[in-house]
Amino acid sequence: MENLISKQDFLAWQPNYPEVKETDPYYWELANTLARQGETTTLYKALPAAVLKRMALCLTGYIQDVAADAGIWRSFVEANRKLYGWAVPFHDIPEEYVDYELNREDVRFLVWYSLAMSYEEMRDIYPHDARLLELADEWFAYLESIYDDAPVPESYNIARGLDFNDPEDSKEIYRLGQWLFLHCYLITPAFSMTMGEIMSDPELRKEENLPMLHEKLDQSMMQDPTGPLALFTSEWLYLILNGKLLKHNEATGEIHPYYKKFTEVTGGKSLEFFDTYESLNRFFIDKLGWEAGEEHLPMMKGERDFVLMVNKDKGMLAARNVARCIASPDNPYYDKAYAQEHAFDLLTVRGLCPGDLLRVIFENDWLPDAHFPGSDDYRLVNDNRDFIARCYLQKYYVGD
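Residues numbered from 1 in each chain as written. Predicted model: local features only at pLDDT ≥ 70, side-chain atom pairs only at ≥ 80, totals over all residues. Heavy atoms only, no water.

1. A word on the overall build of the protein
Across its full length, the protein holds 18 helices and three strands. In terms of C-alpha radius of gyration, the protein reaches 23 Å, essentially the compact-globule figure of 21 Å for 400 residues. Principal axes of the C-alpha set define a box for the protein whose edges measure 75 × 50 × 45 Å. Split into buried and exposed, the 400 residues of the protein put 51% on the buried side. A fraction of 66% describes how many contacts in the protein between residues 6 or more apart in sequence connect residues 24 or more apart. On the protein, roughly 18900 Å² of surface is accessible, and the fraction owed to carbon and sulfur atoms is 48%. (Helix = DSSP H or I, 4+ residues; strand = E, 2+ residues; numbered from the N terminus. Rg over C-alpha atoms; globule rule 2.2 N^0.38 Å. Buried < 20%, exposed > 50% of the residue type's maximum accessible area, 1.4 Å probe, protein only. Contact = heavy atoms within 4.5 Å. Areas by Shrake-Rupley, 256 points an atom, 1.4 Å probe, with all protein chains shown as cover.)

Structure, rendered in structure tokens:
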């Protein structure tokens, strides 16, 4: 039977690559079986073959992980419970759900995630799309039929015995971090757009500049969040090795001077809304005392629907083309009909809405009109809004 996924492509996803383990042939064949099954489903008609292969490899990695109890999926579920109180996004968890074992809801989520993060044309696919669920349920039925007899994958013991704080383990922990960032079934798909941003530099694609590319990827691994929860590599490592989320430093407590001036002239409000650049610029001059006769923030000229927000620690931020989507009682420009078409973009379009502003919007339930295109399921987006923003926006939401 034809192999749709080459041995090399399969091995590149394995933790011990390029070393070959005894159980690798079994899981290579499993990946190919999933890919062949996927070709018979309705969704496949809308997919390039390469996307289906990546999805099959993602589900193969998942079954390898849970068969070995390697801790990657376990960590994701535990972090979800800590952050949100549920095991996986988008799906109600039935009584028969078993933590860290094979579950239908896990497979349904991973089929959505691997597709949405890997294929721009279906980036905003509704998680309950009937075509997607058809593929997920077919794959789950097959995985369930072989799960009890599947061999424990030898390569997935990569994190066993490592101590996050032990200097003697630092080399192996760094290698684990590289694999998680660049080749892990769960964490790597969300990096695809960031990878695209890096690879958009034509100089980095030249063979003689491969060292520069590797340096850029190493830098990204250290500085950029990734994975479905947009955690930094160090956070993923700590979570997998210690079973806990890393604690972050608290704010300094110093009040930024922009915050003081802004709230003085707005009567204590930390947000202001503007329909045009001209009204925004007048606020800078007439209210904040910026230099008269100047066009401040000239890169925003010609845009509309602005929001200014101040933060005690970070100062002031400005966002454009978002005000009509924000259902604040103080926003005279909120437009429900417009928001029903565009509010979802605030959760998924990188750089459109600053993360700090988005968190304030969430805290106040000011985004009631966001929904996956093609559905009217506003509840699903509202219930999962922080997760959606993390998954799609990555460093543009949590990177600050």
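2. Quick look at the side chain of Thr-60
Along the chain, the position of Thr-60 falls in helix α3 (residues 49–68). Setting aside its immediate chain neighbours within four residues, Thr-60 contacts Phe-10, Tyr-27, Leu-30, Ala-31 and Leu-34.

3. What about the sheet that holds strand β3 (residues 315–319)?
The antiparallel open sheet is built from three strands, whose spatial order is β1-β2-β3. The open sheet has two edge strands, β1 (271–276) and β3, and neither has a second partner. The mean inter-strand angle of the sheet, taken between neighbouring strand axes irrespective of direction, is 20°. In this structure, β1 lies alongside strand β2 (residues 304–311), joined through five bridges in antiparallel fashion. Opposite Glu-272, over in β2, you have Leu-308 as the bridge partner. Across the sheet, helix α11 (residues 257–265) touches β1, β2 and β3, and the angle it forms with β2 is around 120°. The strands that helix α12 (residues 277–287) touches are β1, β2 and β3; relative to β1, the one it contacts most, it runs at about 135°. (Pairing = 2+ DSSP bridges. Axes fitted to C-alpha atoms, helices over the stretch in contact; angles between N-to-C directions.)

4. Quick word on the pattern of salt bridges
Scanning the entire structure with this criterion turns up 18 salt bridges. Of the charged contacts, one joins Lys-21 and Glu-19 as a salt bridge, the two residues approaching to 3.1 Å between their closest N and O atoms. Within the structure, one salt-bridge network assembled from shared partners comprises Arg-104, Arg-108 and Asp-137. (Salt bridge = Lys/Arg side-chain N within 4 Å of Asp/Glu carboxyl O.)

5. Side note on the environment of Asp-345
Turning to its location among the elements, Asp-345 is positioned in helix α14 (residues 345–348). As a C-alpha pair, Asp-345 and Pro-373 span 28 residues in sequence and 10.0 Å in three-dimensional space.

6. Here we look at helix α5 (residues 104–118)
Taking 1.5 Å per residue, 15 residues should reach 21 Å; α5 reaches 21 Å between its end C-alpha atoms and fits that length. Counted residue by residue, α5 has twelve buried out of 15 residues, so it is predominantly covered. Along α5, the residues classified as buried are Glu-105, Asp-106, Val-107, Phe-109, Leu-110, Val-111, Trp-112, Tyr-113, Ser-114, Leu-115, Ala-116 and Met-117. Close packing links the buried residues of α5 with α3, α4 (72–83), α6 (130–147), α8 (192–199) and α17 (385–393). (Expected span 1.5 Å × (residues − 1).)

7. Focus: α11
Residue pairs three or four apart in sequence face the same way in an α-helix, which turns once every 3.6 residues. Burial in α11 covers these residues: Tyr-259, Phe-262 and Thr-263. Viewed end-on, α11 has its buried residues packed into an arc of 90°, placing them on one side of the element. Relative to its buried face, α11 has exposed residues pointing more than 90 degrees away, namely Pro-257 and Glu-264. Contacts made by the buried residues of α11 are with β1, α12, β2 and β3. Taken from the residues just after α11, Gly-267 is the one with a positive phi, measuring 70°. (Arc of directions from axis to C-beta.)

8. Comments concerning unusual backbone geometry
Residue Pro-18 is bonded to the preceding Tyr-17 through a cis peptide linkage, with omega at 10°. Relative to the helices and strands, Pro-18 is located in the loop between α1 (7–11) and α2 (24–38). Phi at Gln-394 is positive, roughly 55°, even though this residue is not glycine. Tracing the backbone shows Gln-394 in the loop between α17 and α18 (395–398). Among the residues examined, Gln-394 registers a relative accessible area of 0% and is labelled buried.

Read these as spatial facts, not as claims about activity.
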